[in-house]
Amino acid sequence: MNDEDSAHLLNLVRELRDEQGVTSIIISHKLNEIAEIADNVTIIRDGATVGEMFITPETPLDQDELIRKMVGRSLTNLYPDHESNKPGDEYLRIEDWTVHHPLDQSRVIVDHANIAARSGEIVGLAGLMGAGRTELAMSIFGKSYGSHISGKVFVKGKEVSLPNVQAAIDAGLAYATEDRKVYGLNLLQNIRENASMASLEKMSVHGVMNDNIERKEVEEYRKDFHIKCNSIDVNVGTLSGGNQQKVVLAKWVISDPDILILDEPTRGIDVGAKYEIYEIINKLADEGKAIIVISSELPELIGICDRIYTVSQGVVTDNVAKNGFTQEYLMKGMTKEKEVVAR
Amino acid sequence: MSTANATPVKKNKNTGVLETLANNSKQYGIVGALVVIVLVFEFLTKGVLLKPNSFVSLIQQNAYVIILAIGMVMVIIATHIDLSVGSIVAFVGGICAILMERQGVNWMLAILISLVVGLIIGCWQGFWVAYVGIPGFITTLAGMLIFRGLATVIVGESVPITSPQFRGIARNYLPNILGWWGPFDGLTIVVGIICIALFAWSQLRRRAKVAKAGLSPEPMAITVTKIVVAALLIGFVTYLLALSGNADQGGIPIMLVILAVLVLIYNFILTKTVFGRHVYAVGGNRKAAILSGINTKRVDFTLFVHMGFLSAVAAICVLSRLSSATAQAGMEFEMDAIASCFIGGTAVTGGIGTIPGAVVGALVMGVINQGLSIMGVDTAVVKTIKGLVLLGAVAVDILTKRKKG
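First, a word on scope: everything that follows refers to the structure included in this document. All figures in this text were calculated on a predicted structure; none of them were measured in a lab. (Residues numbered from 1 in each chain as written. Chains lettered and ligands numbered in written order. Predicted model: local features only at pLDDT ≥ 70, side-chain atom pairs only at ≥ 80, totals over all residues. Heavy atoms only, no water.)

Quick word on the overall build of chain A
To keep things clear, this is the line we draw: Helix and strand assignments follow DSSP, with helices taken as H or I runs no shorter than four residues and strands as E runs no shorter than two, numbered in order from the N terminus. This radius of gyration counts C-alpha atoms alone. The globule rule is 2.2 Å times how many residues there are, raised to the power 0.38. For each residue, the accessible area found with a 1.4 Å probe, counting protein chains only, is set against the maximum for its type, and the residue is called buried under 20%, exposed over 50%, and partly exposed in between.
On a plain count of helices and strands, chain A comes out with 12 helices and 14 strands. What you see for chain A is a C-alpha radius of gyration of 21 Å, in line with the 20 Å of a compact globule of 343 residues. Referenced to the eigenvectors of the C-alpha coordinate spread, the extents of chain A come out at roughly 65 × 60 × 40 Å. The buried share of chain A, reckoned over its 343 residues, is 49%.

Quick look at the structure:
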């Protein structure tokens, strides 16, 4: 939900309280919302209540204290310190990319988009819900969305055709989906089987799996990403949201991509795990990968990106440099109406 | 249990006996149920069930269930189903018989052609399911009708098989190359001992691998018990087989060799190959599989090709056993195969299942078939009982899952 809709919802909740005496219980990770709406906060960590905070006009929410209780330790920043890398070669360029709705072919979902991402860069795609960012990403990633797709894709300067997902992976792209439980993970399998799913050819000889290579690779990222589990043979369904997301990231990093598109990488994850994900993203950028982050949380994009494209109604409206990173300015680009062009 | 420490919790050296039993209760439960059912029927048939020749007959008459279950379990894991296998058995059996008896084709060539026909049928059904997008249920329901009709057309009344070699597939044994050791076939005893040794070695090796990876292996008590129980079971089967047969030949039936080869190959495919991983991935979450680069259409197609092939193998075994092709062959074989899969622990919603599980499920069905047959129970009652067993097995599976979760 974007900020405008969120504000509406909170107002409704307030009305219910004031006019009808209805008590609402809101479960949220969004600290600014909690600060705004809550009278009384209960903090739960690992299934147990760890604290309670009361909010009155005289005692507003102490966000640091809240975070400390949520995470169990102090977090000085929400976003890790990271100096932007000097961008390298252009790894991905999309030119004039146009995608129509899969069922209603007259509807344009992505409208002549132009986007580029360079080695070492973390590029954001900001937009309201329905702006077409996920559709843009999925249509690039092996034509997994849309019909009547036109435009050009260049990987490392060479024009490529990506007619299916395997072609996209072979070209060096990786796409971590929006909803990890529906599109990203097989909840019936364990960490190891999920993490290797996009790289099975690499870990096999003539179609026969090499268990040792698989185990070694997955263990490496289990340690690297601090995936909390007893072993890589535990079922991913038992992991917390943050750890599940780390498994998804591990799957894509193991496939050895040059370009990573991360769609809502910290959705449904607590503050501590978010920070760890940001650290992983920074590390990947430092290693020279081009990262594109799609997110509905403007503060998040402002906190971690080097550049942000704003998308509105399928059109890429602006390419904003770091010095232009304010919510107000980005909102302009995200809400820009389509010009009716007389043809 | 543990309080929040700064240092990580120390891992136990061994997981407990009860914990291991609980975690693997499904697999142990199914094998245990099989043992119980065998004992029950051994008692009810007053010992006839486990007489050597009766035991061999159990294998030869129910081999088709195991063969079809191997293919069916893979299809079901990938969230499809195949209702046409019984009709394919009749059709391919008819083709094989006609080739041999009316076209004078050599029996080995007839078998080869029949297997190819099975592959082609698999491609046909796979094409409609994978590339046109017709659900497997509908496509194979159509196949059930199509191939039953074609079988009736080509077979007519019946086509008896005259080739002794072909008839021998379902009747003969491996040659007694090690001679008779008293009343026992020497080769059988040797093979039995080798099987026990291989099982023990594989269990110990797996335990060592787990320990080496730094994880806690199952307690030695459980491993030893598994080996002892397996030794007893394999030993008992070896004993029965070694005594089986008649004056000319005995020991290991050729059918058992065919079954063993198929089970080993397909278990390897499903557990150790990229294709096997694809099957589980497609079954567990098709959308995630597609977005991970897996060609799910090709996986679906291949699964039906395998099923077609295995149906043809089953057709040949059944044809050999009955010594005659009829249009009514294979009636309700798909039900036996599907029931075997679910009794053996395959999940109804897909993504979960194993070849060993399906084999044990098929054995449960086979023992029930054979036991009730020896007791002279009416076939209608047998059907009712099998239906109740299937319902009961899946109900137990679902209820135990619900209790755990």
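Details of the overall build of chain B
Going by this rule: Should any heavy atoms of two residues lie within 4.5 Å, those residues are considered in contact. Accessible areas in this description were obtained via Shrake-Rupley with a 1.4 Å probe; residue shielding takes into account the shown protein chains only. None of His or the chain ends enter the tally, which takes Lys and Arg as positive and Asp and Glu as negative. Lys charges are placed at NZ, Arg charges at CZ, Asp charges at CG and Glu charges at CD.
Assigned secondary structure in chain B consists of 16 helices and four strands. The C-alpha atoms of chain B give 23 Å as radius of gyration, which agrees with the globular expectation for 405 residues (22 Å, within 12%). Its C-alpha atoms put chain B at 80 × 60 × 40 Å along the principal axes. Taking all 405 residues of chain B together, 49% fall into the buried category. For chain B, contacts bridging at least 24 residues in sequence account for 79% of all contacts bridging at least 6. Of the roughly 19,200 Å² that chain B leaves accessible, carbon and sulfur atoms contribute 71%. Distance between charge centroids for chain B: 14 Å, based on 29 positive and 14 negative side chains.

Points about a nonpolar patch on the surface
Residues and elements named next belong to chain B. Spelled out, the test is: Patches in this entry comprise residues that are over 30% relatively accessible and not in a salt bridge; like charges within 9 Å are linked, as are nonpolar side chains (Val, Leu, Ile, Met, Phe, Trp, Tyr) within 5 Å. Definition used for salt bridges: Asp or Glu carboxyl oxygen within 4 Å of a side-chain nitrogen of Lys or Arg.
Taken together, the side chains of Val31, Val35, Leu39, Val229 and Leu233 present a nonpolar region at the surface, about 380 Å² in accessible area. Summarising the element assignment, Leu233 is placed in helix α9 (residues 220-243). Note on Leu233: relative accessible area 41%, which makes it partly exposed.

Regarding the sheet that holds strand β3 (residues 90-100) of chain A
Residues and elements named next belong to chain A. For clarity, the cut-off: Here, strands pair whenever DSSP counts at least two bridges between them. In this analysis, axes come from line fits to C-alpha atoms, helices being fitted only over the stretch in contact, and the angle between any two N-to-C directions falls in the range 0 to 180 degrees.
Taking strand neighbours across the sheet as the criterion, the four strands line up as β4-β3-β6-β7 in an open arrangement whose pairing is antiparallel. Looking at the sheet topology across the chains shown, the edges are occupied by β4 (108-118) and β7 (158-160). Direction aside, neighbouring strands of the sheet carry axes that sit 15° apart on average. Two strands pair when backbone bridges link them, and strand β6 (residues 147-155) and β7 are joined in this way by three bridges, in the antiparallel orientation. For Phe154, the partnering residue across the bridge sits in β7 and is Glu159.

A closer look at the interface of chain A and chain B
Formally: When two parts are brought into contact, each loses some accessible area as probed by a 1.4 Å sphere; the total of that loss over both is the buried area. Two N or O atoms count as a polar contact when they lie within 3.5 Å, although within protein this holds only if one can serve as hydrogen donor and the other as acceptor, and sequence-adjacent residues are included solely when both atoms are side-chain atoms. Each residue gets one label: Ala, Val, Leu, Ile, Met, Phe, Trp, Tyr, Cys and Pro are nonpolar, Asp, Glu, Lys and Arg are charged, and the others, such as Gly, are polar.
Contacts between the two partners involve 34 residues from chain A, matched on the other side by 23 residues from chain B. Here chain A packs against chain B, burying approximately 2,100 Å² in sum over the two surfaces, 60% of which is carbon and sulfur. Together, A:Tyr183, A:Leu188 and A:Met197 form the three largest contributors to the area buried by chain A at its contact with chain B, with a combined 22%. The interface formed by chain A and chain B includes one salt bridge. A salt bridge links B:Arg277 to A:Glu214; the shortest N-O distance between them is 2.7 Å. At the boundary of chain A and chain B, one finds nine residue pairs in polar contact (both at pLDDT 80 or more). At the level of elements, α5 (165-170), α6 (180-184), α7 (191-195), β10 (208-209), α8 (211-224) and α9 (241-254) of chain A are the ones that each hand at least two residues to the side of chain A that touches chain B. A total of four residues in the side of chain A that touches chain B trace back to one element, the largest contributor, which is α6(A). Classifying every residue of the side of chain A that touches chain B by side-chain character gives 14 nonpolar, 11 polar and nine charged.

Quick notes on the side chain of B:Thr139
All names here are of chain B. Locating Thr139 in the fold gives a position in helix α6 (residues 136-155). Assessed through its relative accessible area of 8%, Thr139 is described here as buried. From its side chain, Thr139 meets the backbone oxygen of Ile134 in a polar contact 3.4 Å long. Not counting the four nearest positions on each side in its chain, Thr139 is found in contact with Gln125, Trp128, Val129 and Ile134.

Description of the pattern of salt bridges
Applying the stated rule across the entire model yields 22 salt bridges over all chains. The network of salt bridges with shared partners includes A:Arg192, A:Glu214, A:Arg215, A:Asp233 and B:Arg277.

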